[in-house]
Amino acid sequence: MTGLLYSLRGIWLAVVRRWAVYLLMLSGLSMAYAAALIIGLYIHNELTFDRFLPDTERLYIAQAEYGPSGKPLVASDVAPAGVARWMRSDSRNIEAITRLVPVEWPLRSERRFVKERFYWADANFFDLVKLPALHGDLAHALAKPGSIVLTERMARQYFGRADVVGEVLATHDGLPLTVTAVLRNYPANTHLEREIFASGSTSYAMLSILDQRSTYLWPTSYTYFRLKPGVTKAAVTREMSQLSRKYWQGDNNLPVNFRAIPVVKLHFEPQGDGQMRPRGHLNSVRALMVVSVMILALAAINSAGLILAEAREREREMALYAALGATRFKQIGYIMREAALVNLASSVFGLAVVERVLPYVNAQLGVSLVLWASPFAVLTGVMVSVLIMSALCGMYPAMRITRFSQGGAAHKGHEPDNSINWPGWVTAQLALVMVLLIATHTMSRQWHFAMSEAPGFNGDKVLMVRLINSTTVTQQFSEAVRKIDGIELAAESFGVPTTEFARPGWIVEPSGRVISFTRNSVHPDFFKVFHVPILSGRNLSETYLTPEVPREILINAAASKALGFQKPSDAIGQIIDYEADQTFFSSKIVGVVPDLRFSTVYEPSHPMIFDGFAKYFTQINLRLSRDDPQVLNRIDTVWNEAAGGRVPIERQFYRDYLTNQYRDMYQQLRAFTLVSAVAMLQSVLGLTGLCIFLARHQLREMAIRRALGATFQELLILRLKPFLWPAVLSCVIAWPLAGLALSFWLRSFQAHIPVAISSFLLASALVLFVSAITLAIHSAHSIRCTPMRILRQE
Amino acid sequence: MALIDLTDIEHLYSGAQKPVHALRGVSLEIDAGEFVAITGASGSGKSTLLNIIGTLERASAGRYLFDGQRVEATPERKLANLRANKIGFVFQNFNLLDHLTVFDNIALGLRYRRDPVAGRRERILSVLDRVGLAHRADHLPRQLSGGQQQRCAIARAIVGDPQVVLADEPTGNLDSTNAGQVMGILEDINAQGATVIVVTHAPSQADRAGRIIELHDGRVHMTRRRLT
Ligand SMILES: Nc1ncnc2c1ncn2[C@@H]1O[C@H](COP(=O)(O)OP(=O)(O)OP(=O)(O)O)[C@@H](O)[C@H]1O
Ligand SMILES: [Mg+2]
């Protein structure tokens, strides 16, 4: 015990004497611990999506794959409601099946009235997806028509308290939904994005309507199923395809294939249509994992370097201990204990930092990470890292420093040699930071591309207002809203520019070749609202209500090419025959517009046809002439007048819609920005440490050269010159590595920017500039402060 | 006019807890070509004085003219040039660079001069010869004896034909044979016209100088000239 106290005292004295070095070590290590912890929490969050659900071993979601034969299939999380019906009656592989159909309807309580996003759910939903209940009995909660189940959070929003079983929410025209159970709040890392489930057997629920009409087969439902024990995924997939072929009565938009995806793995499945939450990216998670380990290693090795900076003094100290009879083992133990203490302190600081910055990180990443969700796991993780890190920090310096001590203190003419491979280490460190910065810059470019260039139209300042299924409301609103001062132009559309209703169509050429496209119905002003130029020909001239007569259509450049026209102008005046929305059309091409992208950059962009079919317009797009909350207020007023206060307005800026579409990409970007910044700081600290190390080791040399007449500049150049090669070499290593990794990453997009040389130049310039400044400042300082007295001392 | 002209030089070390008044008003003139020995008890300020003469440190107060140039008013860069071209240093502990050979250590004495590079090699070889180390040119300092190391250090100091050679206890770490050799070389240099200032404890060595300056507690206690 006294021995330990004595050594603690020794360490404390060492700390006081070399506080600058310890400060550097502590800040570097704390930052690394904090960064690694945050990334660790983020990775854990990503990897545990839906893991809170019990009994999920045999629980799957059915992903349907659509597309004309021979073309790459498009996966979708939503399948026709019928698939589940057939499975329920015919399947030999499935134990239970259940569905959700998303719905956006107004819900009203005394406290709250909004257009709510919730699900129609089959009665057995909670048998399969075992969300925990807070109040009520989930086994029967959705059995009766008109029943509704919500989370505690939602209950509080609507009623101001949790136990609301028996309360009633009103929807359209006062139709009642009675609360039968309240769910415990579930964590944010689940694929379930909504928190209210209403009974699908309710007579006006989409789910019951779909089940009553066997021909209503459009993709609407999230289909969950539980396999019988021992059944393979492949078997059930095959069965689902067979059954849909057997029962299918609709058009040829038949899911060609099904994939069974374990619910707990859904988060890392590739992008598909109609997913509830943006998907995670396993490769990014892996990359982050590697990077956070590297940041820890960086900090550890930098600390080892700092301990070595003291080597000369330490060797004397150790030699003294040796002379006093300490074994080498004991001496190593002394240094290791010091490393362990520094690491322990740093980890505590790191935890404190995380506690402070986590809310900010959460806001930046759009996640809700919690530090102390499982304290035991966090602490164990931290302790294990402290152990590993201590070994990394302490072992090598300890071995080196104690190397000579056994030979006695007066080891003749011995100077600690500089043979540590610091140029190699600097190279590696700079290269890592460069790779990260290049990656971050490229990610940021891709994100900006997705947000502004990829759509091919200008949706800034365009407000999309959802129209409702009432001609009078729609008409009154459309007319009145156009008169508002501050609205430049308005145009209705069906689904676009979002991807809510992708309406596929086909042109079967005489040769039998199928050209698939999407059909879009818009008001002629749509193109002006979104600043889309007409490449050739003219705009649509009118809208019309009868489906049979799309007299004139516009196509996009991709369609023009797919149809075999050399130039867009060649397409003008041509008549094409095609099938869409279960109807055959024969229309004349009057104009060609550029390629627009309504889908995300993850999905391919399709040839398109635009017509003026006005019957099912789902939204009106308003281009605002200025940023003015007054205008929004006036729009709301006009809506409320038109809707008579029965349906709340649902409006969203296109920009916000897009931001939401790319939440996942933005999250990755932020995560990488964070780690690059930390890595950069680490390398600055590392270089600072190296400067201290070099300053110590070259003290006498610098003094001698100064006495011999070297000027300050000459000494500075002498000190900095050895960094030239590592700088060059780091670029040589970082560039191809980053290039490779990024082209791999970019290939996961259907539309992406090319890897740009500017990213490489910028990242390298920044890294080298910051390093040069760091080195120059510290070297200049140490050279200026070279004590000439050292020349007199042995 | 004297080559080195010090008037009321004071020096205060303020780094430590208690400031140390190392020099308390030293006035001194040393002419070109003189051989001066500085003696005095330990801590009397000899090294401090020598460092100030060599422009390695600046005096806290007083006036210092080197060859008519006001040192206090000269920027550091100019002083570096001055050291490179006009002053050579020899230290008690040699201060050779371990990773450079004897030849390269000596070359360092020319490294920071502005004069042409051509002919440097010959000059180095000739000083090597003069200090008797010609056969050791490619050795590293640690492969030499103490005396050889000091001769190497002297060679470095004189390779550029400085006007002044400053030696702070150059023989302090050497036995008498080696010490005699080193003093001999310094006398040689002096004979060829360089001003030599040596700090020493040994009276026998001090006696070889033309003038002995004894410091006591930061002041010039006594100046003695050898009678010729
Ligand atoms: N860097 C310094 N900081 C503080 N005090 C110093 C410093 N260098 C020297 N001193 C003090 O200044 C005084 C003069 O020191 P100096 O080294 O000039 O003495 P010296 O005559 O050369 O002694 P020695 O014969 O032991 O070499 C001494 O009291 C010494 O302790
Ligand atoms: Mg001295």
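Rules of the game
- Residue positions are given per chain, counted from 1 along the sequence in the order it is written.
- As a convention, the first chain written is A and the first ligand written is 1, with the rest following in written order.
- Given that the model is predicted, a residue must reach a pLDDT of at least 70 before its local features are reported, and side-chain atom pairs must reach 80 or more before they are shown or counted; all residues, however, enter totals for whole chains, interfaces and linings.
- The basis for every side-chain value is the complete set of non-hydrogen atoms in the structure, without hydrogens or water.
- UniProt positions are given in the numbering used here, feature names are shortened, and annotations may be inferred rather than shown by experiment.
- The helix count covers DSSP runs of H or I at least four residues long, the strand count covers runs of E at least two residues long, and both are numbered beginning at the N terminus.
- Any residue with a heavy atom positioned within 4 Å of a molecule or strand is treated as near that molecule or strand.
- For the purposes of these results, a polar contact is taken to be a pair of N or O atoms within 3.5 Å, where, inside protein, one atom must be able to donate a hydrogen and its partner to accept one; residues adjacent in sequence count only when each atom of the pair is a side-chain atom.
- Working definition of accessibility: Shrake-Rupley area with a 1.4 Å probe, residue cover restricted to the visible protein chains.
- A strand pair is defined by DSSP finding two or more bridges across the two strands.
- Here an axis means a line fitted to C-alpha atoms, over the contact stretch when the element is a helix, while the angle between two N-to-C directions is reported on a 0 to 180 degree scale.
- The contact definition used throughout considers only heavy atoms, calling two residues in contact when any of these lie within 4.5 Å.
- By buried area we mean how much accessible surface two parts lose on assembly, using a 1.4 Å probe and totalling the loss over both.
- The term salt bridge refers to a side-chain nitrogen of Lys or Arg lying within 4 Å of a carboxyl oxygen of Asp or Glu.

A. Geometry of the UniProt feature "transmembrane region" (unreviewed entry) in chain A. All names here are of chain A. Per the UniProt entry, the sites bearing "transmembrane region" (unreviewed entry) are residues 20-43, 287-309, 339-358, 370-399, 419-439, 671-695, 723-746 and 753-777 in this numbering. Taken end to end, residues 339-358 is 100% helix and 0% strand, and its first and last C-alpha atoms sit 27 Å apart. Taken end to end, residues 671-695 has its terminal C-alpha atoms 36 Å apart, with 100% of it in helix and 0% in strand.

B. Expanded view of the site of ligand 1. The local shell around ligand 1 holds 15 residues, among which Arg792 of chain A together with Ser42, Lys46, Ser47 and Thr48 of chain B are the closest. Neighbouring residues of ligand 1 are not confined to one chain but are distributed across chains A and B. Between Ser47 of chain B and ligand 1, the recorded distance is 2.7 Å, taken from a side-chain N or O atom to an oxygen atom. In the model, an oxygen atom of ligand 1 is placed 3.3 Å from a nitrogen or oxygen of the His201 of chain B side chain. Considered on its own, ligand 1 offers 630 Å² of accessible surface; in the complex 72% of this is hidden by protein. Broken down by secondary-structure element, the contributors of at least two residues to the shell around ligand 1 are strand E2 (20-30) and helix H1 (46-53) of chain B.

C. Broad picture of the sheet that holds strand E7 (residues 164-168) of chain B. Residue and element names in this part refer to chain B. Strand order in the open sheet made by the six strands is E6-E7-E8-E3-E9-E10, with mixed pairing throughout. Among the strands making up the open sheet, the edge pair consists of strand E6 (87-91) and strand E10 (219-225). Averaged over neighbouring strand pairs, the angle between their axes works out to 15° when direction is ignored. In the sheet, strand E9 (residues 211-216) pairs with E10 via six bridges, with the strands oriented antiparallel. Paired with Ile212 across the strands is Arg224, a residue of E10. Against the sheet, helix H2 (residues 76-86) makes contact with E6 and E7, and its axis sits at roughly 80° relative to E6, the strand it touches most.

D. Expanded view of the sheet that holds strand E22 (residues 619-624) of chain A. Residues and elements named next belong to chain A. Read from one edge of the open sheet, four strands run E14-E22-E13-E23, paired in antiparallel fashion. The open sheet has two edge strands with one neighbour each: strand E14 (487-493) and strand E23 (651-653). Pairs of neighbouring strands in the sheet enclose a mean axial angle of 20°, with direction left out of account. Direction of pairing for strand E13 (residues 462-466) relative to E22: antiparallel, over a ladder of five bridges. Each bridged residue has a counterpart across the sheet, and for Leu463 the counterpart in E22 is Leu622. Across the sheet, helix H18 (residues 629-643) is in contact with E13, E14, E22 and E23; its angle to E13 comes to roughly 20°.

E. Layout of the side chain of Asn189 of chain A. All names here are of chain A. One can find Asn189 in the loop between strand E9 (176-183) and strand E10 (196-199). In this structure the side chain of Asn189 is engaged in a polar contact, spanning 3.0 Å, whose partner is the backbone oxygen of Asn45. Once you skip the residues sitting within four places of it in the chain, Asn189 turns out to touch Asn45, Thr48, Phe49 and Asp50.

F. The arrangement of the interface of chain B and chain A in detail. Taken together, the contact pairs 27 residues of chain B with 20 residues of chain A. Summing both partners gives a buried area of about 2,100 Å² for chain B against chain A, and 52% of it is carried by carbon and sulfur. For the chain B face of the interface with chain A, the top three residues by lost area are Asn93, Asn95 and Tyr112 of chain B, together amounting to 27%. Across the chain B-chain A interface, the total number found is two salt bridges. A salt bridge links Glu714 of chain A to Arg114 of chain B, with the shortest nitrogen-to-oxygen separation between them at 4.0 Å. For the pair chain B and chain A, the number of links is five residue pairs in polar contact (both at pLDDT 80 or more). Of all the secondary structure elements, the ones that give two or more residues to the side of chain B that touches chain A are H1, H2, E6 and helix H3 (102-111) of chain B. Considering every element that reaches the side of chain B that touches chain A, the biggest residue donor is H2 of chain B, with six residues.

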